[in-house]
Amino acid sequence: MNYDHESVVIWGASGHAKVVADAVRLEGRFHLVGFLDDVDPQPRQFLGLPVFGGAEALGRLREDGVTHIVFGFGNCDARLRLSEVARSEGFSLATVIHPRAVVASDVTIGEGTVVFAGAVVNPGSTIGANVIINTRASVDHDCVIADGAHICPGTTLGGGVSVGIAAWLGIGSTVKDHVAIGASALVGAGSVVVSDIPDAVVAYGVPATTRRQRGL
Ligand SMILES: CC(C)(COP(=O)(O)OP(=O)(O)OC[C@H]1O[C@@H](n2cnc3c(N)ncnc32)[C@H](O)[C@@H]1OP(=O)(O)O)[C@@H](O)C(=O)NCCC(=O)NCCS
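Cut-offs used in this document
- Residues numbered from 1 in each chain as written.
- Predicted model: local features only at pLDDT ≥ 70, side-chain atom pairs only at ≥ 80, totals over all residues.
- Heavy atoms only, no water.
- Helix = DSSP H or I, 4+ residues; strand = E, 2+ residues; numbered from the N terminus.
- Rg over C-alpha atoms; globule rule 2.2 N^0.38 Å.
- Buried < 20%, exposed > 50% of the residue type's maximum accessible area, 1.4 Å probe, protein only.
- Contact = heavy atoms within 4.5 Å.
- Areas by Shrake-Rupley, 256 points an atom, 1.4 Å probe, with all protein chains shown as cover.
- Lys, Arg positive; Asp, Glu negative; His and termini not counted.
- Charge placed at Lys NZ, Arg CZ, Asp CG, Glu CD.
- Near = heavy atom within 4 Å.
- Polar contact = N/O pair within 3.5 Å; in protein donor to acceptor, adjacent residues only side chain to side chain.
- Nonpolar A, V, L, I, M, F, W, Y, C, P; charged D, E, K, R; others polar.
- Pairing = 2+ DSSP bridges.
- Salt bridge = Lys/Arg side-chain N within 4 Å of Asp/Glu carboxyl O.

Draft legend 1. Structural context of the overall build of the chain. Helices and strands together make up the secondary structure of the chain, namely three helices and 25 strands. Relative to the compact-globule value of 17 Å for 216 residues, the chain shows a C-alpha radius of gyration of 17 Å, a close match. Projected onto the principal axes, the alpha-carbon positions of the chain cover approximately 55 × 40 × 25 Å. The buried share of the chain, reckoned over its 216 residues, is 52%. Across the chain, the fraction of contacts at a sequence separation of at least 24, relative to all contacts at a separation of at least 6, is 30%. On the chain, roughly 9,000 Å² of surface is accessible, and the fraction owed to carbon and sulfur atoms is 54%. Taking the 15 positively charged and 21 negatively charged side chains of the chain as two groups, their mean positions are separated by 7 Å.

Draft legend 2. Main features of the site of the ligand. Near the ligand the following residues occur: Cys152, Pro153, Trp168, Gly170, Ile171, Leu186, Gly188, Ala189, Tyr204 and Arg212. Contact distances for the ligand include 2.8 Å between an oxygen atom and a backbone N or O atom of isoleucine 171. Within the backbone of alanine 189, a nitrogen or oxygen atom sits 2.8 Å from a nitrogen atom of the ligand. Grouping the amino acids of the shell around the ligand by side-chain chemistry returns seven nonpolar, two polar and one charged.

Draft legend 3. Up close: the sheet that holds strand 7 (residues 96-97). With mixed pairing, eight strands are arranged side by side in an open sheet as 7-10-13-16-19-22-24-25. The sheet terminates laterally at strand 7 and strand 25 (209-213), the two strands that pair on one side only. Bridge count between strand 24 (residues 201-204) and strand 25: four bridges; the pairing is antiparallel. Residue pairing across strands places tyrosine 204 opposite threonine 209, the latter belonging to strand 25.

Draft legend 4. Structural detail: the pattern of salt bridges. Considering all chains together, one arrives at five salt bridges under this definition. For glutamate 27, the salt bridge is made with arginine 29, and the minimal N-O distance between the two is 3.5 Å. Overall, the relative accessible area of 23% leaves glutamate 27 in the partly exposed class. Judged by relative accessible area, which is 44%, arginine 29 ranks as partly exposed. Between arginine 44 and aspartate 40 there is a salt bridge, and its shortest N-O distance comes to 3.6 Å. What makes aspartate 40 partly exposed here is its relative accessible area of 32%. Connected via shared salt-bridge partners are Asp37, Asp40 and Arg44.

Okay, structure coming up:
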């Protein structure tokens with residue numbers, strides 16, 4: 001099989017991958033050819049397309065002309081680590097923006113980032129590589145979101161918020177303007193963050209407080 005020059009494989013084949021696949025199809029920039037799944041590498045069909053196997057299938061896919069990878073799972077550290085694997089195998093990372101996301105004209109978005117339906121990213125913001133701006137998340141003006149972060153569904157960031165590398169902002173959380181979230185921090189679902197959160201901690205509650213170090 002020889003694929004065309006803007007073809008993509010989604011790495012991951014679970015619920016999150018379904019949402020990525022839908023965004024890829026609706027955006028229409030890439031030809032979606034199938035999936036990789038290290039958790040269950042058995043060859044099979046998923047959403048009507050082949051699961052080619054796990055990471056060991058990368059070389060074959062590259063030889064067949066597949067050009068791009070995008071991640072279909074939420075784990076921030078794994079996305080960052082496997083993006084290096086994909087690059088070393090000669091793939092580019094696909095940036096996917098759902099056609100019904102609203103992204104301001106001056107926003108820069110890194111490779112491999114996905115922006116889902118209903119998300120809003122306002123002017124002056126910078127979004128790194130391999131970030132997930134999940135369904136209906138709102139990133140206000142002048143935010144800086146570092147590589148690998150996951151802004152979960154319905155999360156609201158005020159203006160000038162910074163989010164560190166591989167940080168996870170849980171579903172429905174709210175972050176006050178100009179607050180900094182540390183690298184690899186995990187903010188619990190529904191939290192309201194009113195002051196800075198250190199690196200690599202689990203914080204939650206209203207207002208959010210640090211509860212423990214995050215085991216990474
Ligand atoms: C914050 C979180 C990581 C804590 O997980 P955990 O360490 O396993 O904590 P537990 O479930 O053991 O709960 C410990 C206590 O904290 C409370 N708690 C847990 N998460 C909380 C949250 N988000 N806000 C307020 N309290 C929370 C529990 O009710 C429990 O209280 P108790 O001791 O009085 O019974 C997790 O609850 C969470 O919010 N994860 C984010 C999930 C998410 O956003 N998924 C989106 C997928 S797209």
